Amino acid sequence: MTRAVVFAYSEVGVRCVRELLAQGVEISILFTHADDPGESRWFGSVKQLALDHGLRVETPDDINTPQWVAEGRRANPDFLFSFYYRYMLKAPWLEVPRRGALNMHGSLLPKYRGRAPVHWAIIHGESVTGASLHYMLDKPDAGALVDQQSVPILENDTALDVSIKVAEAAQEVLSRSLPKLILGTADAQTLDLSKGSYFGRRRPEDGRIDWRQGARAVHNLVRAVAPPFPGAFTEVNRCRLSVLETRVDDQPVRHAADAPCLYAADDAWYADCVDGRRLKILKLAMDQAPVAPNTAPPALSNQPLVLA
């Protein structure tokens, strides 16, 4: 029987662990993360899945200690798999499995290596992304590619929409690659990193809207960080407004000016942008409470409001 040590979290982790079990892989140890009560968790629980199947589950704060690496060696795995595990595995771990360490990444490598690949792809207006299974090196998301599956990013898809598509693609990739890996017949193609890109992590503050950008760029940011992620925001009259859902509107701007502005019209909120296009704001909130255009608080009543 093929034996593996697995590191997994999020929906990709859940689906890929299920696939390993479905194909009869023995999971000696499953490393995951304790759920953060401050995080809006939209995905299934890897820990619960593992417990339901009687697996050994560990949630260490530092996976790269000599003690944990030694535990991995004692498990004598054929493979090591990482499925959306949030900590970087250092070189000693990559030497543990007899037949290779592999990672599932949420982009079409070599594009969007690094953190938050789905969010960055949406921010940059990509129309496609996907899931890639590759061998692991010291350098992140740089090892030889075993297989990948593309998924479309539609004009109004949010990061949640795309993340679910990527999770489905990840399971498909693992489903068709795993038998070849076990038989030793899987091909792997060296990645040309010069044709790719690398991006770092994103923080809630990165959701601040830059109104110097055009309507499409603002829309991309809004949907890239829309709930359950921290969300996009702006400040008007010392009030922080959460811009949670938008559409690029086909109608002309109402207020021709150099500065972008926010206003209510026809029972909806709109933002005129610097490129002469406007956004329809479907969900606007202040202090987590929805702000209706016909019941705007005093701070938003004197319209149009300049956006900076």
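Trainee: Can you lay out the packing of aromatic side chains for me, pointing to particular residues and giving the numbers?
Mentor: Enumeration over the complete set of coordinates arrives at 14 aromatic pairs. Taking 5.6 Å as the distance between ring centres and 80 degrees as the angle between the ring planes, the aromatic pair formed by Y85 and Y87 counts as edge-to-face. With a relative accessible area of 8%, Y85 lands in the buried category. Note on Y87: relative accessible area 34%, which makes it partly exposed. With a centroid separation of 5.0 Å and 25 degrees between ring planes, the pair formed by W120 and F199 is classed as stacked. One end of the pair, W120, is in helix α5 (residues 117-123); the other, F199, is in strand β9 (residues 198-199), and 79 residues separate them in sequence. Here W120 matches F199 in class, with each residue buried. An aromatic cluster is present here, built from F7, F31, W68, Y85, Y87 and W93 joined pairwise through their rings. The ring of W120 carries the charged tip of R202 above its face, separated from the ring centre by 4.7 Å. The side chain of R240 reaches across the aromatic face of F233, ending 3.6 Å from its centre.

Trainee: Tell me about the nonpolar core, residues and numbers included.
Mentor: With 69 residues, the main nonpolar core has V6, L20, F81, F83, M104 and L174 as its most contacted residues. Excluding residues that lie within four positions of it along the chain, L20 makes contacts with V6, V25, I27, F81, F83, L174 and L178. Listed in part, the 16 residues of the second largest apolar core include F7, L80, V96 and M136.

Trainee: Tell me about the packing of helix α1 (residues 10-22) against helix α6 (residues 159-183), and please be specific about residues and values.
Mentor: Packed helices, taken two at a time, are described by the angle between their axes plus the distance between the axes. For the pair α1 and α6, the least separation of the axes is 9 Å and the interaxial angle reads 25 degrees. With respect to their mutual orientation, α1 and α6 come out roughly parallel. Remark: the crossing between α1 and α6 carries right-handed chirality. Where α1 abuts α6, its residues E11, V12, R15, C16, E19 and L20 lie against I164, A167, E168, A170, Q171, L174, S175 and L178. By residue class, the composition of the contact of α1 with α6 is eight nonpolar, two polar and four charged.

Trainee: Tell me about the pairing of strand β7 (residues 128-135), residues and numbers included.
Mentor: Counting buried residues in β7 gives six out of eight residues, a clear majority hidden from the surface. Pairing between strand β5 (residues 101-105) and β7: four bridges, direction antiparallel. The partner of N103 across the bridge, within β7, is H134. With seven bridges connecting them, β7 and strand β8 (residues 145-152) associate as antiparallel partners. In the sheet register, L133 faces β8, and the bridge partner there is D147.

Trainee: Mind laying out unusual backbone geometry, listing which residues take part and the relevant values?
Mentor: The omega torsion across P227 and P228 is 15 degrees, close enough to zero to call that bond cis. If you trace the backbone, P228 turns up in the loop between α7 (215-224) and β10 (232-236). Positive phi, normally seen in glycine, also occurs at N237, with a value near 50 degrees. In this fold, N237 is placed in the loop between β10 and β11 (239-249).

Trainee: With reference to specific residues and values, describe the sheet that holds strand β2 (residues 26-31).
Mentor: What the seven strands build is an open sheet, ordered β3-β2-β1-β4-β5-β7-β8; its pairing is mixed. Whereas interior strands pair on both sides, the edge strands pair on one side only; in this sheet they are β3 (57-58) and β8. Pairing analysis gives five bridges linking strand β1 (residues 3-8) to strand β4 (residues 79-83), with the strands arranged parallel. Looking at β4, one finds that A8 is bridged to F83. Running over the sheet, α1 touches β1, β2, β4 and β5 and is turned about 150 degrees from β4. In the packing of α6 onto the sheet, the strands contacted are β4, β5, β7 and β8, and the crossing angle to β8 comes to about 150 degrees.

Calculation criteria
- Residues numbered from 1 in each chain as written.
- Predicted model: local features only at pLDDT ≥ 70, side-chain atom pairs only at ≥ 80, totals over all residues.
- Heavy atoms only, no water.
- Phe/Tyr/Trp six-rings, centres within 6.5 Å; stacked < 30°, edge-to-face > 60°.
- Buried < 20%, exposed > 50% of the residue type's maximum accessible area, 1.4 Å probe, protein only.
- Helix = DSSP H or I, 4+ residues; strand = E, 2+ residues; numbered from the N terminus.
- Lys NZ or Arg CZ within 6 Å of the ring centre and 35° of its normal.
- Core = buried A, V, L, I, M, F, W, Y, C linked by side-chain atoms within 4.5 Å.
- Contact = heavy atoms within 4.5 Å.
- Axes fitted to C-alpha atoms, helices over the stretch in contact; angles between N-to-C directions.
- Parallel < 35°, antiparallel > 145°, perpendicular 65-115°, else oblique.
- Left-handed = near helix turned anticlockwise from the far one by under 90°.
- Nonpolar A, V, L, I, M, F, W, Y, C, P; charged D, E, K, R; others polar.
- Pairing = 2+ DSSP bridges.

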